[in-house]
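Observations on chain architecture
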There are 2 protein chains.
Amino acid sequence: MKLITDINDQRNLSRLWDIGTKVGFVPTMGYLHEGHLSLVAKSNSECDVTVVSIFVNPAQFGPKEDLSSYPRDLERDLAMLERYKVDYVFFPTTGMMYPAGYQSWIMVQGISDVLCGASRPGHFKGVATVVAKLVNLVNPDFMYMGEKDYQQVVVLETMLRDLNMHTRIVRCPIVREKDGLALSSRNKYLDKHDRKKALCLSQALRLAKDLYSKGETDPNLLTIAMTTVILKAGGKIDYIAFVNRDTLAPVKKVNRTTRVLLAVYIGKTRLIDNTALAI
Amino acid sequence: MKLITDINDQRNLSRLWDIGTKVGFVPTMGYLHEGHLSLVAKSNSECDVTVVSIFVNPAQFGPKEDLSSYPRDLERDLAMLERYKVDYVFFPTTGMMYPAGYQSWIMVQGISDVLCGASRPGHFKGVATVVAKLVNLVNPDFMYMGEKDYQQVVVLETMLRDLNMHTRIVRCPIVREKDGLALSSRNKYLDKHDRKKALCLSQALRLAKDLYSKGETDPNLLTIAMTTVILKAGGKIDYIAFVNRDTLAPVKKVNRTTRVLLAVYIGKTRLIDNTALAI
């Protein structure tokens, strides 16, 4: 496993891979968990070379968000990736990614402004821009992303397609704790008490699936049922949304192409989760 | 010479070029003139493969601008490029470049909003986006651009650097008619009378150079002198600007790193021109 910290080294490396080399890429902000590692394992099994990036991207955090407290542990991350026999870890500095005078930004209009984008203005501009930069440096054939950040996946698929970038996203299922909590680096913020409360996200999603499987297709009624579960647990709802899985447009009637997404504050920690409704 | 109209064909082609193949790219909106051909000749002489694109990009025209009347003559363009032994001409359709639901845009903040960007809101967003798309499809090592669209060159250099794209711009000098008029596809709009008037742009630039060579370094005084030339000829000034050649920031005192840019209406036709002030 080789650690690359200079963006020029990363570029020179990726320019040398020939067309026959299948390159897989897993962009992360570090503080890795089994969710990230499932992406790494999939890339390893499908590609000749796997590159994992670790970069806590300041551009996707709002001024009042948790950039400074976002959990970091490079040594632990590297040890985990070493065990997975990752080929390259790309760990660029903020100064190299956003040098003085940096001024270019990518906007994916419409879908960047709803759901998490409405709660976090500028978030997806930061995500789209940094991923375009990383993709340009790593030059992968496939980028492995978890569906936990569902809107992010849709925004990035749109960007790659619109800007005619050749990289394709491989969507990977959400990895959960045994009790249902979706893995997230931000789960670290939860104390024992909040950790229990946080189950309400996956419980609310499961309830929606159950009700849908029994024939309920009204998003308003499903939302009320989910709201009850979350409020009872002490969560504060940012949004619950039943949307078309491709366009993220709200649906009036739930069907197989609907995805339900939610964001909930557990104490001060904002958590997200989602699920398909097809059975 | 091969004509490529399908963006997937263009991508498949460019993915096959190996690292040893030097690829030169000349993006154009067609209606080629000697200025374009000087870029083609330079690419031919420096690269193994030369790709010329012809695409009148709707995204860089404002709603009241000349998109529908912009001159087009594909047959003539292809004949010219054939004579220059260009390898590939990429001529995508608008529908393939901007399919229904297109929503991703690149903004180069700051320098996109001044000078021509101030007069043409959204213009450089359209330019940056289409060039990123073309570069992603053609995957060139070098992109040959004329300094006639000076601000465009600076915006695109900034975008390529910021987004970590590997393509480098090769700046090429402005090509002029014998009497000094900078070549432009829009010169076609000028009738005989306006064609004469249009000389005031290059005359004003030459005057600024002369006065600077004689010791005048005050941009205000130089602007007044230039203004006189242009008004006398019957031109209507959009802007005259003495700026730093890299940042496009206005300068208080002219020196070797200053560039003077201007935009002038001759009748209804908006023309631009510029020059370095170093002697």
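What you are looking at is a predicted structure, and each value in this text was computed from that prediction instead of being measured.

To continue, consider the relation of the copies chain B and chain A. Expressed as a screw transformation, the operator carrying chain B onto chain A has a rotation angle of 180° and an axial translation of 0.0 Å, and the superposed copies differ by an RMSD of 0.0 Å. Read as a symmetry element, the transformation amounts to a two-fold axis. The C-alpha atom lying nearest the rotation axis in chain B is that of B:Ile106; the distance is 2.3 Å. Of the residues that chain B buries at the interface, 97% are likewise interface residues in chain A, meaning the two copies contact each other through the same surface.

Attention now goes to helix H2 (residues 34-46) of chain B. Residues and elements named next belong to chain B. Between its first and last C-alpha atoms H2 spans 18 Å; for 13 residues at 1.5 Å apiece the expected length is 18 Å, and the two agree. Inspection of H2 places Gly35, His36, Leu37, Leu39, Val40 and Ser43 among the buried residues, and these make up the whole buried set. Where the residues of H2 are buried, they touch strand E2 (23-28), strand E3 (49-54), helix H3 (74-83), strand E6 (142-146) and strand E7 (168-172).

All told, the structure shown has twelve aromatic pairs over all chains when counted by the stated rule. Judged by centre distance (6.3 Å) and plane angle (35°), the ring pair of B:Phe55 and B:Tyr98 falls under tilted. Linking B:Phe55 in the loop between E3 and H3 with B:Tyr98 in the loop between helix H4 (94-97) and strand E5 (104-108), this pair joins segments that are 43 residues apart in sequence. The exposure class of B:Phe55 is buried, given its relative accessible area of 5%. Given a relative accessible area of 16%, B:Tyr98 falls into the buried group. Judged by centre distance (5.9 Å) and plane angle (20°), the rings of B:Tyr98 and B:Trp105 are stacked. Accessibility classification places B:Tyr98 together with B:Trp105 in one group, the buried group. Grouping aromatic residues by their ring pairs yields a cluster made of A:Phe55, A:Tyr98, A:Tyr102 and A:Trp105. Cation over ring: A:Lys125 sits above A:Trp105, and NZ or CZ is 5.2 Å from the ring centre.

Criteria and cut-off values
- Residues numbered from 1 in each chain as written.
- Chains lettered and ligands numbered in written order.
- Predicted model: local features only at pLDDT ≥ 70, side-chain atom pairs only at ≥ 80, totals over all residues.
- Heavy atoms only, no water.
- Least-squares fit on C-alpha atoms with pLDDT ≥ 70 in both.
- Contact = heavy atoms within 4.5 Å.
- Helix = DSSP H or I, 4+ residues; strand = E, 2+ residues; numbered from the N terminus.
- Expected span 1.5 Å × (residues − 1).
- Buried < 20%, exposed > 50% of the residue type's maximum accessible area, 1.4 Å probe, protein only.
- Phe/Tyr/Trp six-rings, centres within 6.5 Å; stacked < 30°, edge-to-face > 60°.
- Lys NZ or Arg CZ within 6 Å of the ring centre and 35° of its normal.

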